[in-house]
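What follows is the residue order along each chain.
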Amino acid sequence: MSKVAVSKLPMVGAMFWATKIVATTLGESASNFVTMAPLNLGYAVGAMIFLLAFVVTLAMQLKADRFRPVVFWSVILTTSIVGTSMSDYINRTAGLGYAGGSILLTSLLAIVLIGWRMTGQTMDVERIATTEGEVLYWTATLVSNTLGTSSGDFLSGGLGLGFRDSSLLLCGAMLVILATHYLTPISGTVLFWAAYVLTRPLGAVVENAVEKPVTQGGLGVGTTITSSALLAVLAILVGRQMLTDRRQTRTVDTLSPTDSHDRQPVDPSTATSSADYAGKASRHRPKGSGRADR
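The structure presented is a predicted model; accordingly, all values stated were derived computationally and were not measured.

Conventions and cut-offs
- Residues numbered from 1 in each chain as written.
- Predicted model: local features only at pLDDT ≥ 70, side-chain atom pairs only at ≥ 80, totals over all residues.
- Heavy atoms only, no water.
- Axes fitted to C-alpha atoms, helices over the stretch in contact; angles between N-to-C directions.
- Helix = DSSP H or I, 4+ residues; strand = E, 2+ residues; numbered from the N terminus.
- Parallel < 35°, antiparallel > 145°, perpendicular 65-115°, else oblique.
- Left-handed = near helix turned anticlockwise from the far one by under 90°.
- Contact = heavy atoms within 4.5 Å.
- Nonpolar A, V, L, I, M, F, W, Y, C, P; charged D, E, K, R; others polar.
- Salt bridge = Lys/Arg side-chain N within 4 Å of Asp/Glu carboxyl O.
- Buried < 20%, exposed > 50% of the residue type's maximum accessible area, 1.4 Å probe, protein only.
- Core = buried A, V, L, I, M, F, W, Y, C linked by side-chain atoms within 4.5 Å.
- Phe/Tyr/Trp six-rings, centres within 6.5 Å; stacked < 30°, edge-to-face > 60°.
- Lys NZ or Arg CZ within 6 Å of the ring centre and 35° of its normal.

Asks: Lay out the packing of helix α6 (residues 162–183) against helix α7 (residues 188–211) in plain terms, naming residues and giving numbers.
Replies: For any two helices packed against each other, the geometry is given by the interaxial angle and the distance between the axes. Axis separation between α6 and α7 bottoms out at 9 Å; the angle between their running directions is 160°. Relative to α7, the element α6 is oriented roughly antiparallel. Considering the relative orientation of α6 and α7, their crossing is left-handed. Contacts between α6 and α7 involve F163, S166, S167, L170, C171, A173, M174, I177, T180 and H181 on the former and, on the latter, L191, A194, A195, L198, T199, P201, L202, V205, V206, N208 and A209. Broken down by class, the residue content of the contact of α6 with α7 amounts to 15 nonpolar, six polar and no charged.

Asks: Residues and numbers for the packing of helix α4 (residues 97–119) against helix α5 (residues 131–158), please.
Replies: Where α4 contacts α5, the two axes come as close as 9 Å, and the packing angle between them is 155°. By the angle between their axes, α4 is roughly antiparallel relative to α5. Two packed elements cross with a definite hand, and for α4 against α5 that hand is left-handed. Its residues assigned to classes, the contact of α4 with α5 shows 14 nonpolar, twelve polar and one charged.

Asks: Quick one: what's the story with unusual backbone geometry, residue by residue and with numbers?
Replies: Going from A37 to P38, the amide bond is cis rather than trans, its omega being 5°. Within the element layout of this structure, P38 appears in the loop between α1 (14–35) and α2 (43–63). Not every positive phi belongs to a glycine, and N40 is a case in point at roughly 55°. Along the chain, the position of N40 falls in the loop between α1 and α2.

Asks: So, the pattern of salt bridges: which residues are in play, and what are the values?
Replies: All told, the structure shown has nine salt bridges when counted by the stated rule. In this structure, R68 and D65 form a salt bridge, with 2.8 Å as the shortest nitrogen-oxygen distance. Owing to a relative accessible area of 31%, D65 belongs among the partly exposed residues under this scheme. Here D88 makes a salt bridge to R92, at a shortest N to O gap of 3.8 Å.

Asks: Outline the nonpolar core, supporting the account with residue identities and numerical values.
Replies: F72, W73, I76, W116, Y137, W138 and W193 are the most contacted members of the largest nonpolar core, which has 41 residues in total. Within the residue set of this core, elements represented by two or more residues are α1, α2, α3 (69–93), α4, α5, α7 and α8 (223–242). Those residues in contact with Y137 that sit more than four places away from it in its chain are L9, F16, F72, I76, W116, V125, I128, W193 and Y196. Counting eight residues, the second largest nonpolar core, distinct from the first, contains L155, L170, M174 and L202.

Asks: Quick rundown of the environment of I81? Include the residues and the values.
Replies: In this fold, I81 is placed in helix α3. Remark: the alpha-carbon pair of I81 and L51, spanning 30 residues in sequence, is separated by 8.7 Å. Apart from residues no more than four positions distant in its own chain, I81 is found in contact with G27, A30, S31 and F50.

Asks: Explain the packing of aromatic side chains to me, and be specific about the residues and the numbers.
Replies: In total, this model carries 15 aromatic pairs according to the counting rule given. The interplanar angle of 40° and the centroid separation of 6.0 Å between the aromatic rings of F16 and F192 together place this pair among those described as tilted. Of this pair, F16 sits in helix α1 while F192 is found in helix α7, placing the two residues 176 residues apart along the sequence. Judged on exposure class, the residue F16 and its partner F192 are both buried. The structure contains a cluster of three or more aromatic residues connected by ring pairs, namely F16, W17, F67, F72, W73, W116, Y137, W138, F192, W193 and Y196. The ring of Y196 has K20 sitting right over it, with the charged end atom 4.3 Å from the ring centre.

Honestly, that's just the spatial picture; any functional story needs more than this.
Rendered as structure tokens:
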């Protein structure tokens, strides 16, 4: 049996990808600001602080009634910051190294995505409209953003490509995914998750290329200026989305897992908030019904 629910995730387009890259790049810089210079609190302390911030923002996101740009991108940002701290702790403090950390986190991400697939919940982010699906989405996001730091460090440091060549390699991979989207019949969901994962190491190496000292292959801008500039850009992008957040809020038919391939989002132009839908449902509820469908 189907019912209508409200999707709280943004529509995927150029604005989504631009904001995702800026937010994850800021996550790398903000983590370095706290765990390394200038605050030097260490990876373990930083990870605990940011994990708490992630839990708080995630709780706000799960309680939201529709797409809320500030809340949504706050969760993306906190997953990037805590992911950077945890990755650095695994690779450096725990001694797994860039290769070991990348293998461990890649395996964990594969387990999460396979487990998600087995639940029957849709993996199409524009159709996620259940709490279970949203929790799976944020779990995959947290793991992929943690993996992003390790894989970025592995490319630039472990393989010796440096920040510039690593950036060019990842940009090339993103262009391949874009071309594949338009030129092949490969599932858009598969391509989305490939790009979603790659934006994180792209942000990591670009941030390092700007922040790190010249002696380490960077531009020597430093974490304070880098973080401030990225935060300003992110605020502008999120502010722009706040003007269109209701148009991005849309209702989705949620069907049984066996019918998930037929699940279709409602046209955004006719999308309603959860409160609007509740009002419509009450007007159309058959007489004698004791409660609304759950």
